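Structural characterization, general
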Amino acid sequence: MDEQLEGNKRLVRQFIELTWNQGRHRLAASLVSPQFSYQASMIESPMGLSGMGSLIDSIRDVMDDFAVLVDDLLAEGDQVVSQSTFTGSLRRPFMGFEPTDRIIALNAVTFWQVRRGSIQSAQSLLDSADLMHQAARISHVANF
């Protein structure tokens, strides 16, 4: 059982690296089921891998130094939970945020469903309140 749990964690870590950090969505397709679904707390409706890839590409396009750091991974049964930090500095306006040379960080917890070596779904809870506080501090500093 421990070997399966470790394999599930490796699969999730590899998926995060290929998609969020490298933008290699086609390669990551081999890690997910055809019915893969992604939902995030700041996004209105679930999306498949293609929609998730478009979202990731748009973020990577406005943040040249964008990276996702996996802080922790826990596994139990068919579920993996990742705690991650999304970091980068905005080079162009995005989702109501203005460009800045300061690094912003967004903390997230994602619940992954893994079955038979394939990721079925992921649901991310993003710390949007902290992100708003960071944006306010950056805006306040910029106005001085």
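In this report, we go over the structure that sits alongside the text. Keep in mind that this is a model prediction, so the values were computed, not measured. (Residues numbered from 1 in each chain as written. Predicted model: local features only at pLDDT ≥ 70, side-chain atom pairs only at ≥ 80, totals over all residues. Heavy atoms only, no water.)

**Some remarks on the sheet that holds strand S2 (residues 67–76)**
Spatial ordering of the open sheet is given by S1-S5-S4-S3-S2, a layout of five strands whose pairing is mixed. Only two strands of the sheet have a single neighbouring strand rather than two, namely strand S1 (32–40) and S2. Averaged over neighbouring strand pairs, the angle between their axes works out to 20° when direction is ignored. Note: strand S4 (residues 104–115) against strand S5 (residues 118–126), eight bridges, orientation antiparallel. Considered in S5, the bridge of Phe111 is made with Gln123. Here helix H1 (residues 2–21) sits on the sheet in contact with S1, S2, strand S3 (79–88), S4 and S5, set at roughly 160° to S2. (Pairing = 2+ DSSP bridges. Helix = DSSP H or I, 4+ residues; strand = E, 2+ residues; numbered from the N terminus. Axes fitted to C-alpha atoms, helices over the stretch in contact; angles between N-to-C directions. Contact = heavy atoms within 4.5 Å.)

**Re helix H3 (residues 49–62)**
Structurally, the α-helix is built with 3.6 residues per turn, so residues lying three or four positions apart point the same way. With 14 residues, H3 should reach 20 Å at 1.5 Å per residue; the first-to-last C-alpha distance of 20 Å fits that figure. All of the buried residues in H3 are Leu49, Met52, Gly53, Leu55, Ile56, Ile59 and Val62. Those residues of H3 that are buried are in contact with H1, helix H2 (25–28) and S1. (Expected span 1.5 Å × (residues − 1). Buried < 20%, exposed > 50% of the residue type's maximum accessible area, 1.4 Å probe, protein only.)

**Here's the deal with the packing of H1 against H3**
H3 packs onto H1 with a crossing angle of 55° between their chain directions and a minimal axis gap of 9 Å. Comparing the axis directions of H1 and H3 gives the class oblique. Residues Phe15, Thr19, Trp20 and Asn21 of H1 touch H3, and the partners they reach there are Leu49, Met52, Leu55, Ile56, Ile59 and Arg60. Residues of the contact of H1 with H3, tallied by class, amount to seven nonpolar, two polar and one charged. (Parallel < 35°, antiparallel > 145°, perpendicular 65-115°, else oblique. Nonpolar A, V, L, I, M, F, W, Y, C, P; charged D, E, K, R; others polar.)

**Observations regarding the pairing of S3**
Of all ten residues in S3, seven are buried, a share of seventy percent or more. With nine bridges connecting them, S2 and S3 associate as antiparallel partners. The partner of Asp72 across the bridge, within S3, is Gln83. Taking the residues between adjacent antiparallel strands as the criterion, S2 and S3 are bridged by two residues, where Gly77 takes a positive phi near 60°. Pairing analysis gives ten bridges linking S3 to S4, with the strands arranged antiparallel. Directly across from Gln79, in S4, lies its bridge partner Gln113.

**A look at the nonpolar core**
Core analysis: the biggest nonpolar cluster contains 36 residues, and Phe15, Trp20, Phe36, Tyr38 and Ile119 have the highest contact counts within it. Among all residues touching Phe36, those that are not within four sequence positions of it are Phe15, Met47, Gly48, Leu49, Met52, Ile119, Gln120, Ser121 and Ala122. (Core = buried A, V, L, I, M, F, W, Y, C linked by side-chain atoms within 4.5 Å.)

**Description of the pattern of salt bridges**
If you walk through the whole model with that rule in mind, you get five salt bridges. Where Lys9 meets Glu6, a salt bridge forms, and the shortest distance between an N and an O atom there is 3.1 Å. A residue pair is termed a helical-turn pair when its members lie 3 or 4 positions apart in one helix, as Lys9 and Glu6 do in helix H1 at three residues. A relative accessible area of 19% means that Lys9 is categorised as buried. Among the salt bridges present, the one from Arg91 reaches Asp65, with a minimum N-O distance of 3.9 Å. With Arg91 in the loop between S3 and S4 and Asp65 in the loop between H3 and S2, this residue pair connects regions lying 26 residues apart in the sequence. Owing to a relative accessible area of 38%, Arg91 belongs among the partly exposed residues under this scheme. The partly exposed category is assigned to Asp65, whose relative accessible area is 30%. One continuous salt-bridge network, built from bridges that share partners, spans Asp64, Asp65 and Arg91. (Salt bridge = Lys/Arg side-chain N within 4 Å of Asp/Glu carboxyl O.)

Purely spatial values, then, with no claim about function.
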